[in-house]
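# Secondary and tertiary structure notes
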Amino acid sequence: MIELAQRMSGINPSAIREILKVTERPDVLSFAGGLPAPEAFPVEALAHAHADVLAREAASALQYGATEGFGPLRAWVAERLTQRGLPAHPEQVLITAGSQQGIDLAGKALIDAGDVVVVEEPSYLAALQSFSVYGARFEVVGSDDEGMRVDELDHVLRQTRARLIYLVPNFQNPRGTTLSLERRLALVRLARDHQVAVLEDDPYGELRYSGAALPPLAGLDKDAPVIHLGSFSKTLAPGLRLGYAVADERTIRALVIAKQAADLHTGNLSQRAVARMLESFDYDGHLRELRELYGERCAAMLASIERSFPEGTVYTRPEGGLFVWAQLPGGIDAAQLLEDSMREKVAFVPGAPFYPNQARRDTLRLNFSNRPPELIAKGMAIIGACAAQRLATFQFVAKANHRTDAAVSPASPRRTP
Ligand SMILES: Cc1ncc(COP(=O)(O)O)c(C=O)c1O
């Protein structure tokens, strides 16, 4: 048997990836994965760009490249972020293999074993997993409809010497909530005052379906140590594995060294093809179409939950992103509910794995981007009916127990002589 490093002990496979192995079978109507709609992938433009790059610059595209990334793509990202309120130079941009690699590189470069990472609860599971590999200890702050509870963060930063604050400010995974402007300002002030690094993970920022865009944390205060992560996974296609990290040049150098050890550089062909495509592709037009498609699906999901889930279900109302988060009434265990709904071949992800500490078992995450409204309605009707059934059983048993208790209780009027 090959003996594994100490750091692998206690690192479990992602509970969600394990669930997805079952729920993403083709015969299952799944709302489990965070999958974009494949029909929205810009296949033709990507095919054309790849062909063009291979025809004109195959020698460079198929050769090793710079760890920092392909220059024109770095420049495009810097300009785009500058427009979105995060002024950046190309030298501050590192092209990564998705924003997941940005999370991992930040963990590698910043976290020593035993360091405290502050996360919101619930949190993006794959980030927790990544930080765990580097020996992070988690301090947890709550979240509500305005995102991370920054008032609790203040308290935590006073009590601990935290190394990193990790959050998803826009349309969070798993809750779909967005950090308000007031909290953004308070958070960067705290980060600056305590000089604690912030990892702003923003793969969904450009997928807003209602409300006004809010500025990236990294653009709010130049003295606050913020690393911003973005991705083309949800706006173009996740199979490209293209994302980016943006920070001050010293931090980028550290991330570049961490990346050299990981994979030398992000796939050259993907980078060049996307850079070529973006020269002529109507990216904003594409985003408008995506927003319309996903906005409609989000609305369909909210209406279906309202219609089909038992009374007392509480759920978030995302203004963007891919997920709705629901909390079931009567203490229904979402893992058991998944067993019920899987019998009907409908899937979702129970919320418990997203909690670093004390899990709430009555929660679930629902993805709306991957199915059309009619299938969303069908799926929510089935999950809702399963939940109602569980609730009815639960209430029946509770009533029966109550009757039994009353029958044997010495205080029962029927027993009183
Ligand atoms: C919050 C969050 N961060 C990072 C990622 C990873 O995305 P990427 O495909 O860019 O690596 C995801 C994917 O779903 C996510 O939800």
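Residues numbered from 1 in each chain as written. Predicted model: local features only at pLDDT ≥ 70, side-chain atom pairs only at ≥ 80, totals over all residues. Heavy atoms only, no water.

## Focus on the pattern of salt bridges
The condition that has to hold: Whenever a carboxyl oxygen of Asp or Glu lies within 4 Å of a side-chain nitrogen of Lys or Arg, that contact is scored as a salt bridge. Helix and strand definitions here come from DSSP, where helices need a minimum of 4 consecutive H or I residues and strands a minimum of 2 consecutive E residues; each element is numbered from the N-terminal end. Exposure is judged per residue with a 1.4 Å probe applied to protein chains only, and the accessible area is read against the type maximum: over 50% gives exposed, under 20% gives buried, and values in between give partly exposed.
Tallying each qualifying case throughout the model produces 28 salt bridges. A salt bridge links D145 to R175, with the shortest nitrogen-to-oxygen separation between them at 3.9 Å. With D145 in the loop between β5 (143-144) and β6 (147-148) and R175 in the loop between β7 (162-167) and α7 (181-194), this residue pair connects regions lying 30 residues apart in the sequence. Judged by relative accessible area, which is 61%, D145 ranks as exposed. The residue R192 makes a salt bridge to D193 at a minimum N-O spacing of 3.4 Å.

## A short note on the environment of V93
To keep things clear, this is the line we draw: Residues are treated as being in contact if the distance between any of their heavy atoms lies within 4.5 Å.
With respect to the element layout, V93 can be found in strand β2 (residues 93-96). On a C-alpha basis, the gap between V93 and R74 in space is 5.7 Å, while along the polypeptide they are 19 residues apart. In this structure, V93 is in contact with E68, R74, V77, A78, Y244, A245 and V246, ignoring residues within four places of it in sequence.

## Considerations on helix α11 (residues 334-343)
Each α-helix turn comprises 3.6 residues. Residues three or four places apart therefore point the same way. Defined as follows: Two N or O atoms count as a polar contact when they lie within 3.5 Å, although within protein this holds only if one can serve as hydrogen donor and the other as acceptor, and sequence-adjacent residues are included solely when both atoms are side-chain atoms.
What α11 keeps buried is the set A334, L337, L338, D340, S341 and M342. The residue sitting at the N-terminus of α11 and contributing the capping side-chain oxygen is D333; that oxygen lies 2.8 Å from the backbone nitrogen of A335. Just downstream of α11 lies K345, where phi reads positive at about 60 degrees.

## Remarks on the site of the ligand
Basically, it comes down to this: By convention in this text, a residue qualifies as near a molecule or strand provided that one of its non-hydrogen atoms is within 4 Å of it. We get accessible surface area from the Shrake-Rupley algorithm with a probe of 1.4 Å; when it comes to residues, only the shown protein chains can shield them. Three classes are used, and their members are as follows: Ala, Val, Leu, Ile, Met, Phe, Trp, Tyr, Cys and Pro are nonpolar, Asp, Glu, Lys and Arg are charged, and the others, Gly among them, are polar.
Residues in close proximity to the ligand total 14 residues, the closest being S99, D201, Y204, S231 and S233. At 2.6 Å from a nitrogen atom of the ligand is found a side-chain nitrogen or oxygen belonging to D201. Between K234 and the ligand, the recorded distance is 3.0 Å, taken from a side-chain N or O atom to an oxygen atom. Calculation on the ligand without its partners gives an accessible area of 400 Å², and the protein chains cover 92% of this total. Sort the elements by how many residues they give to the shell around the ligand and helix α4 (residues 98-110) lands first, with four residues. In terms of residue class, the shell around the ligand is made up of five nonpolar, six polar and three charged.

## What about the packing of α4 against helix α8 (residues 249-263)?
How we decide: The axes are straight lines fitted to the C-alpha atoms, using for helices just the contacting stretch, and the angles between their N-to-C directions are given from 0 to 180°. When describing relative orientation, an angle under 35 degrees is termed roughly parallel and one over 145 degrees roughly antiparallel, while 65 to 115 degrees is termed roughly perpendicular and anything else oblique.
At their nearest, the axes of α4 and α8 sit 9 Å apart, and the two run at 110 degrees to each other. On the basis of the axis angle, α4 is roughly perpendicular to α8. For the pair α4 and α8, the contacting residues are Q101, L105, A106, K108 and A109 in the first and A254, L255, A258, K259, A261, A262 and D263 in the second. Classifying every residue of the contact of α4 with α8 gives eight nonpolar, one polar and three charged.

## Let's talk about the side chain of D115
Its place among the elements puts D115 in the loop between α4 and β3 (116-120). Among the polar contacts listed, one links the side chain of D115 to the backbone nitrogen of D112, at a separation of 2.7 Å.

## A look at the pairing of β2
For a regular strand, side-chain orientation follows a simple rule: the groups alternate between the two sheet faces. To keep it simple, the criterion reads: Strands pair, by our definition, only if DSSP identifies at least two bridges between them.
Burial along β2 is two-sided: V93 and I95 facing one way and L94 and T96 facing the other are all buried. One ladder, built from four bridges, connects β2 with strand β10 (residues 243-246); its direction is antiparallel. Residue pairing across strands places I95 opposite Y244, the latter belonging to β10.

## Considerations on the nonpolar core
Our working definition: Here the nonpolar core consists of buried residues drawn from Ala, Val, Leu, Ile, Met, Phe, Trp, Tyr and Cys, with membership extended through side-chain atoms lying within 4.5 Å.
Within the largest apolar cluster, 88 residues are counted, with the highest numbers of intra-cluster contacts made by L153 and L366. Here this core gets eight residues from one element, more than from any other, and that element is helix α10 (residues 283-308).

## Overview of the packing of helix α6 (residues 150-159) against α7
At a minimum axis separation of 10 Å, α6 and α7 run at an interaxial angle of 10 degrees. Our classification of the angle between α6 and α7 gives roughly parallel. From α6, V150, L153, D154, L157 and R158 reach across to α7, where they touch R183, A186, L187, L190 and H194. Split by residue class, the contact of α6 with α7 holds six nonpolar, one polar and three charged.

## With respect to a nonpolar patch on the surface
Rule in force here: Within the patch definition used here, like charges are joined within 9 Å and nonpolar side chains (Val, Leu, Ile, Met, Phe, Trp, Tyr) within 5 Å, considering only residues with over 30% relative accessible area and no salt bridge.
A cluster of nonpolar side chains, namely I2, L4 and M8, defines an oily patch on the protein surface of about 360 Å² accessible area. One can find I2 in the segment before α1 (15-23).

## Some words on the environment of A326
Summarising the element assignment, A326 is placed in strand β12 (residues 323-327). With a relative accessible area of 0%, A326 lands in the buried category. Look past the residues within four positions of A326 in its chain and what remains in contact with it is T313, V314, Y315, D362, T363 and L364.

## Remarks on the sheet that holds strand β11 (residues 314-315)
Taken in spatial order, the four strands line up as β11-β12-β15-β14 in an open sheet, and their pairing is antiparallel. Two strands bound the open sheet, and with one partner strand each, they are β11 and β14 (349-350). With two bridges joining them, β14 and strand β15 (residues 363-367) adopt antiparallel strand pairing. Residue pairing for β15: V349 is matched across the bridge by R365.

## Let's talk about the packing of aromatic side chains
Two measures describe an aromatic ring pair: the distance that separates the ring centres and the angle between the ring planes. Keep this limit in mind: Note on ring pairs: Phe, Tyr and Trp rings are taken, using the six-membered ring of Trp, and paired if centres are within 6.5 Å. Classes follow the plane angle, with under 30 degrees stacked, over 60 edge-to-face and the rest tilted.
Counting across every chain of the model gives nine aromatic pairs. Relative to F368, the ring of Y209 has its centre 6.3 Å away and its plane inclined at 75 degrees; by these criteria the two rings are edge-to-face. With Y209 in the loop between β8 (197-201) and β9 (226-231) and F368 in the loop between β15 and α12 (373-408), this residue pair connects regions lying 159 residues apart in the sequence. The burial state of Y209 is the same as that of F368; both residues are buried. The rings of W76, F232, Y244 and Y283 are connected pair by pair, giving a single aromatic cluster.

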